[in-house]
Amino acid sequence: MSERTCLAIILAAGEGTRMKSAMSKVLHPVGGLPMVAHVVRAASAAGVGDVALVVGRDADEVEKAARPHASGVSVQLQVERLGTGNAVLAARDAINKGYDDLIVLFGDTPLIDTAALLNARARLAAGADVVVLGFRPSDPTGYGRLIEEDGQVMAIREEREASAEEKKVGFCNGGLMAIRGDDALAMLEKINNNNKRKEYYLTDIVEIAHALGKLVVSLEVDATSILGVNSRVELAEAESLFQDKIRKKMMLDGVSLLAPETVFFSWDTEVGSDTTIEPNVYFGTKVKIASGVTIHAFCHIEGATIATGAQVGPFARLRPGADLREGSKAGNFVEIKKSVISKGAKVNHLTYIGDAEVGENANIGAGTITCNYDGYNKFVTKIGAGAFIGSNSALVAPVSIGNGSIVAAGSV
Ligand code: UD1
Ligand code: MG
């Protein structure tokens, strides 16, 4: 199968009006990553080299969100939102390059997993012409129904076109379709808009394929992997499923979570084994934590690097560029931004450290503030190794405190 070529077509031109947002639906994040980027990553992880991204509104932003996550992303503009069938045809130039397999994915399905993509491609390799991912949601309302006969999918009926009998079908179209490349274009071009919505439904390709004597099969997947996000309620559902998955993975990789349901990770959070994370901790993007670290309860951490043996919190805020080295400490009510806290240094209580270098084994007393901003510019504070900064000191940057120096409490 691996030698078969494949193009993933990701539909991301939807308006998503039910999101009630100024931003395109597919740019809304799950685990800190835009939904469309999750879909691109799944395609890329399934070994799909070429991705045709169909965009409409917010084209530049959607492209920017997607491009870093696969090697060959081309952008295709769908001028008018005329339906999913029309959207796929916006990728006509890419399809024309000639691929063995086409996979159509929706940009609003962030939890899609690589295994489903691989299985769909395997079915094509085994002789199917069209493979439709099906699932059984607790409430099928709104989804297209898979009408099956003798192990084949005969048609997909959209909710608004379905008869009372067809609406009783609980097996639904997940949205992902794999199509043999050779005559996909000919079939796609046959889709018309003779329906209640005057939309080009991609789902009509199933009946078209049948009329041509082709084999259309379904592949059932878990409802959680194919959840389509059309509102913020579903966005929250997707987030919750995503968090469950990442927490489980962390724990299986050797991270202790005392109350997993209260810890929120980003898609790119890295945590080493034998690190313990206490309850109620939030990780924004770009956080790297080594092994043997303790994150105490109630911390907010983003863009930070934390080395072995370091301790953070409770109630600490680490902002981008916080770099805690081996065995260092950032205690309660401490905020650290763009600063190195060297090996063994301690910042234990009620302190703001910004744009600073704190030397090895330095001790920063309670209530210390690096005054890094004069209202116009930011300046650097340097604190030498072994220095002792007395409580309630204001270090007005730029300022340098030498190795081993002592600053008396209450100094400015
Ligand atoms: C679609 C399917 C339905 C399926 C459901 C699964 C069709 C006709 N219906 O319905 O059978 O059960 O998904 O979630 O395919 N898009 C464009 N251009 C368009 C229209 C849509 O790019 O002109 C994109 C949207 O950004 C979205 C995706 O295609 O990512 C699906 O569109 P959406 O409007 O959400 O379709 P559903 O009504 O959910
Ligand atoms: Mg949808």
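Residues numbered from 1 in each chain as written. Chains lettered and ligands numbered in written order. Predicted model: local features only at pLDDT ≥ 70, side-chain atom pairs only at ≥ 80, totals over all residues. Heavy atoms only, no water.

K.L.:
Please clarify how the side chain of E199 should be interpreted in this entry.
P.N.:
Mapped onto the elements, E199 comes out in the loop between α7 (184-189) and α8 (205-211). A distance of 2.9 Å separates the side chain of E199 from the side chain of R197, its partner in a polar contact. When neighbours within four sequence positions are excluded, E199 is seen to be in contact with R81, L82, G83, N192 and N193. (Helix = DSSP H or I, 4+ residues; strand = E, 2+ residues; numbered from the N terminus. Polar contact = N/O pair within 3.5 Å; in protein donor to acceptor, adjacent residues only side chain to side chain. Contact = heavy atoms within 4.5 Å.)

K.L.:
Just checking my understanding: could you explain helix α5 (residues 114-125) for this structure?
P.N.:
Note that an α-helix has 3.6 residues per turn; residues three or four places apart therefore point the same way. Its twelve residues give α5 an end-to-end C-alpha distance of 17 Å, which sits within 8% of 16 Å, the value for a rise of 1.5 Å per residue. Among the residues making up α5, those that are buried are A116, L117, A120, R121 and L124. Projection of α5 onto a plane perpendicular to its axis shows the buried side chains occupying an angular sector of 130°, all on one side. Residues of α5 that are buried sit in contact with β1 (6-12), α1 (35-45), β6 (101-106), β7 (130-135), β10 (172-180) and β11 (216-220). Phi turns positive, to about 120°, at G127, one or two residues after α5. (Expected span 1.5 Å × (residues − 1). Buried < 20%, exposed > 50% of the residue type's maximum accessible area, 1.4 Å probe, protein only. Arc of directions from axis to C-beta.)

K.L.:
I tried to follow the site of ligand 1 on my own but got confused; where do I start?
P.N.:
Taken together, 22 residues lie near ligand 1, and G14, Q78, T84, E158 and N173 sit nearest. In the environment of ligand 1, an oxygen atom lies 3.0 Å from a nitrogen or oxygen atom belonging to the backbone of G144. Summarising the interface, the protein chains cover 92% of the accessible area of ligand 1, which totals 760 Å² for the free molecule. Among the secondary structure elements, those contributing two or more residues to the shell around ligand 1 are β1, α3 (84-89) and β10. Taken together, the residues of the shell around ligand 1 break down into eight nonpolar, ten polar and four charged. (Near = heavy atom within 4 Å. Areas by Shrake-Rupley, 256 points an atom, 1.4 Å probe, with all protein chains shown as cover. Nonpolar A, V, L, I, M, F, W, Y, C, P; charged D, E, K, R; others polar.)

K.L.:
Hey, could you run me through the environment of A290 in this one?
P.N.:
Within the secondary structure layout, A290 lies in the loop between β17 (288-289) and β18 (294-295). Residue classification places A290 among the partly exposed positions, given a relative accessible area of 23%. A290 sits 44 residues away from V334 along the chain, and the two C-alpha atoms are 20 Å apart.

K.L.:
Hey, could you run me through the packing of aromatic side chains in this one?
P.N.:
Working definition: an aromatic ring pair is given by the centre-to-centre distance plus the angle between the planes. As enumerated under the stated definition, the model contains four aromatic pairs in all. On the numbers, 5.2 Å between centres and 15° between planes, the contact of F315 with F333 is stacked. You can see F315 sitting in the loop between β21 (311-312) and β22 (316-318) and its partner F333 sitting in strand β24 (residues 329-337), a full 18 residues away along the chain. Taking the relative accessible area as the measure of exposure, F315 reaches 39% and is therefore partly exposed. Joined through ring pairs, the aromatic side chains of F298, F315 and F333 make up one cluster. For the cation-ring pair, R247 lies above F264, with the distance from its terminal atom to the ring centre recorded as 5.1 Å. Stacked on the ring of Y373, the Lys or Arg K378 has its end atom at 5.1 Å from the ring centre. (Phe/Tyr/Trp six-rings, centres within 6.5 Å; stacked < 30°, edge-to-face > 60°. Lys NZ or Arg CZ within 6 Å of the ring centre and 35° of its normal.)

K.L.:
Teacher, can you tell me more about the pairing of strand β8 (residues 145-149) here?
P.N.:
Regular strands have side chains that alternate between both faces of the sheet. By the bridge criterion, five bridges tie β8 to strand β9 (residues 152-157) in an arrangement that is antiparallel. Across the sheet, E149 pairs through a bridge with Q152, a residue of β9. Between β8 and the antiparallel strand that follows it, β9, lie two residues; D150 among them carries a positive phi value of about 50°. (Pairing = 2+ DSSP bridges.)

K.L.:
For this particular structure, what's the right way to read the side chain of S225?
P.N.:
With respect to the element layout, S225 can be found in the loop between β11 and α9 (232-252). Under the relative-accessibility criterion, S225 is labelled buried at 8%. Each residue touching S225, except ones within four places of it in the same chain, is listed here: T109, L111, I112 and D113.

These figures capture arrangement, not role.
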